[in-house]
Amino acid sequence: MASFGPTGGEEDEENASEDCWTFQDNPEISRAHCCEPPPCGQHRCWAPPEFTFAFCCRSLACSPSVLGDIQQSLDLAVSALRTASAANATADAFRSAPGAFRAMLRGELHGLRLTVGAAGARQSSQSCNCALAYAAALLLEPGGLTSNAARHALAPRWFTEGIRWSELVAEGWGGIFALLAFSPVRNESNVEAIPGFKAYQGRLSTPGIVASMESANRHENALDLFLDDVQAKVRGVAHRLADLSSGWPELVRALRALGTWGDIWRQVERDYAERRAGRKCSSVGALADGSSRWGSCSRWAYGTADTDFSSPGPLPPSRPLEKEGAAAGGSDVAVCVLGAPRGVIDTYGSLRAKVVDVLKADAFVYVPFPGKLSRALETQLELIGSVVTAIAAPDVDGPGMQERLVSELHNQRFLNLYSRVPGPWRAPVFGQMGSSMWGYHNQHVCKQMVEAYEKQRGRLYNWVVFARADLLWVHTHPPLDVFDSRYVYVPYGQDNSHYNHGPELGINDRHAVVPRHLVDAYFGRWGELQSGEAWDYLEDVAEKAHPINTEQYLLIHLRAHRVPVLRFPPVGFLVHCAEGPQCQHLYKGTTLRMQKWSGKAKYWTEAIETRRTLVDDMHWKHRRHEAGWIWAAIKPPSVPAPVSWTASFRHFGKTDTENWHVEEHSPWVSQGVDLVCCLSISGPVSCRMWSFLRRCVCIA
C-alpha cells in the first residue's frame, strides 16, 4: 500500500502488516494478543476502517471473499427452504461454495469454540462478522443445527449474550433464524424436560412475542427493539443450559417448540422483503457526524420512459444556501455519487467531506445493490450527508444487464452492429468480462435525476460532477473557482491507452467535473447506444477490428462530440472491490487467493499517482497538502503533466519532456488545475523557499 506521508528513508519498503498495529508505543500489548481470540481479535489494535482481523492476522477464513460466499450460501438455503426439503436446501447451499466452507471449517478456525468469558476477557470479543459467518457455516454443513460440530462450537450464551441479534440481522445474517426455525432437528420430542422450558413458555411463545412486536412498532427502529427485547428474554433459557454438554441442541429444540425462532424469522423476513425492493428517498439536515438519515422513501423500480426520477424531498429555498455542507437542493453544483457498494472499505465519508462539502453541492445517489439493501449498507450511505435524490435499486447480473440494453435499443439491429466492435468496452454484453455497461447506465440515471430535479426547482445547475462510489479521496477536491466552464475536467493518469496493443488512446473515466452545457455529451453514452448514434463513431473502430476498453470508448465519444477536456492531478484512487455483479474476481480457482491482501487500492499504479501528487519525494517526502500547497487554475493550460509530479521525474535523471510520448501532447492531457506552491501573477514558479525551507510563498 502506498504511504501518503514521510516514512523514514531506508524503511520505506512496503511492509503492510506493520501498518495494522497501533500498539507500538505500548509495550504491554503484543501482536499475539491482538490476534486473540480468533476469529475477531482485538479491534483496538489496528486502525479502522482499512484493516481487519483478516488482513492483520493473515486469516484466509475471514477474508471478504470467503465471508461473501458463506452469506450467499445462507441466502440460497433460506430461499430453497420454501420450495425444497430443508435437508436438500442446506446441502445444496453447502455445495454452492465448497472452497469457502473448506477455508472456514477446515482451516485455521477448525475446532474453534465461540463462547463468552468474564467481562473484559478475550472471549468477549468473538462478535465480529467472521464469527457470524463461522456460525452460519456450521449450521449449513451436513448434520445441521444439532451436529457434533455445532454442539462443540456454539455455546448458548455466546449466541444469546456474545452477539446482538439486531446487529446479526443488520450485517445480513438474519437467515440463521430461518435455519433455526425450519431445518431438521433430531429428537424434537420431550422438550418439556429441557431446563427452563416451562418457566419461559409464556414469555417466549407466540403471544409473548407478539406483545414484544406491538410494543416495538411504536418506534422508528421497531425491528431492533423487538430483537433486543426477545433476546433479553431468551438469555434466561441460555443461562440454565450453559453447563450442559447438549446446551446448544437443547436451546434450538426449546425455542423451536415454543415457536420463537419462527416468530423472529417472520419479522426479519418482512424487513428483508422491503430491503430487496428498490426505494427512492431524500434527506435534509445533517447529524453531528455529518451523516443524514434517509426519509420520504417510496418504492422504486427501474423501467424506461415511465420511470420517475424526481426527488421526493422538499423544494429548495429561493436562493442557494451558503453554509458549507448544508446544501438541500439550492446549490449551483450537483454531485452524482454512482455505483454499487462494492468496496471493502468505506468511501462515503470521504466523498462527503472532500467532494460534496468542498463544492457546497447538492448530492444525488444511485446505488445498485446485490441481494438486499442491508441496514449496514444503508448506514454507510447515510455518511454522504444531505441528499436531494437517493435511489437504491436491486442490481442485475451480466445477462440481466444485456437484457436491459437490448430492451431499450430503438432498433434491434444495433446489437448486431455493436457485436462488431470488440473489447471490454461492451462488458458484460456478448459474454465479455467486466462491468462497463453499468458505468454508462449509472451515468444515464444521474442525468435523469438531475434533469428531473431541475424541472422541480425551476433552475439549471451550473456544474454536474460524476463521482464513483468506490473512489477513496485522500485530499480535498479542487474548489469550484479554479474551473473554467468551457471545459470538462478529469483526473490525470489511468488513461489505459493502447489496449491489447491497439492504436486507440484512452482517457481517465474515474471522475469528471462537467459544465452544464456539456452534460448531455459526457453523460450520454447509454442514450446513444440506445438510439444508435454511437455507431456513427464506433463504425470506424469496427473496421479497424482493434479491441477497445472503457477509457478508449469514452475518449472516442468525447472527441466525436468535440468536448474540450482539461486535467487535474489525482488525489484519490479506487479501492478493492468485494465480489458482486460489477466486481468479478478473476483469481478464484487459482493460488492468487492465498496471497495476503496487501493494501486498499485496487490498482497499485493509481495509488502511486495519488502519492506523487501529495508527497514531495525530492524533499524528505514532505506532505505538500500539509505545507500550504493549494489548488490553482493553470493559465494557459500546461502540457503535459502536473507541476507537482515533475520532481519525481527529475529524481530519475530525466528532463520532463523526455518522459512523455508525443501522443500525450494531445489537447485532452493539458493541465488546467494543479496543486501548486510558490505562485506569481503568471502562475507557479520555481521557488527555493520550498526546496530549502519547505515553505510556500506568493510572489507579486
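The coordinates are above.
Just so it is clear, the structure is predicted and the values come from calculations on it, not from any experiment. (Residues numbered from 1 in each chain as written. Predicted model: local features only at pLDDT ≥ 70, side-chain atom pairs only at ≥ 80, totals over all residues. Heavy atoms only, no water.)

*Asks:* Is there a simple way to explain the state of the cysteines in this structure?
*Replies:* Two cysteines form a disulfide when their sulfur atoms are joined by a covalent bond. One pass over the full model with this rule turns up 4 disulfides. Two residues share a disulfide in this structure: Cys-40 and Cys-128, whose sulfurs sit 2.1 Å from each other. On the sign convention where negative is left-handed, the bridge of Cys-40 and Cys-128, at about -85° about the S-S bond, is left-handed. With Cys-40 in the loop between α1 (31–34) and α2 (53–56) and Cys-128 in the loop between α5 (98–105) and α6 (129–140), this pair connects stretches of sequence that are 88 residues apart. With respect to class, Cys-40 is no different from Cys-128; both count as buried. A sulfur-sulfur distance of 2.0 Å marks the disulfide that ties Cys-62 to Cys-130. The sign of the -75° torsion about the S-S bond sets the Cys-62-Cys-130 disulfide as left-handed. Linking Cys-62 in the loop between α2 and α3 (64–81) with Cys-130 in helix α6, this pair joins segments that are 68 residues apart in sequence. The class of Cys-62 is buried, set by a relative accessible area of 7%. Residue classification places Cys-130 among the buried residues on the basis of a relative accessible area of 3%. (Disulfide = S-S within 2.5 Å. Helix = DSSP H or I, 4+ residues; strand = E, 2+ residues; numbered from the N terminus. Buried < 20%, exposed > 50% of the residue type's maximum accessible area, 1.4 Å probe, protein only.)

*Asks:* Sorry, what's going on with the packing of aromatic side chains here?
*Replies:* Across all of its chains, the model carries 24 aromatic pairs by this definition. Taken together, a centroid distance of 6.0 Å and an interplanar angle of 50° make the contact between Trp-165 and Trp-261 tilted. A residue pair is termed long-range when its members are at least 10 positions apart, and Trp-165 in helix α9 (residues 165–170) and Trp-261 in helix α15 (residues 260–276) qualify at 96 residues. Residue Trp-165 shares its accessibility class with Trp-261, and that shared class is buried. Positioned above the aromatic ring of Tyr-272, the side-chain terminus of Lys-372 is 4.4 Å from the ring centre. (Phe/Tyr/Trp six-rings, centres within 6.5 Å; stacked < 30°, edge-to-face > 60°. Lys NZ or Arg CZ within 6 Å of the ring centre and 35° of its normal.)

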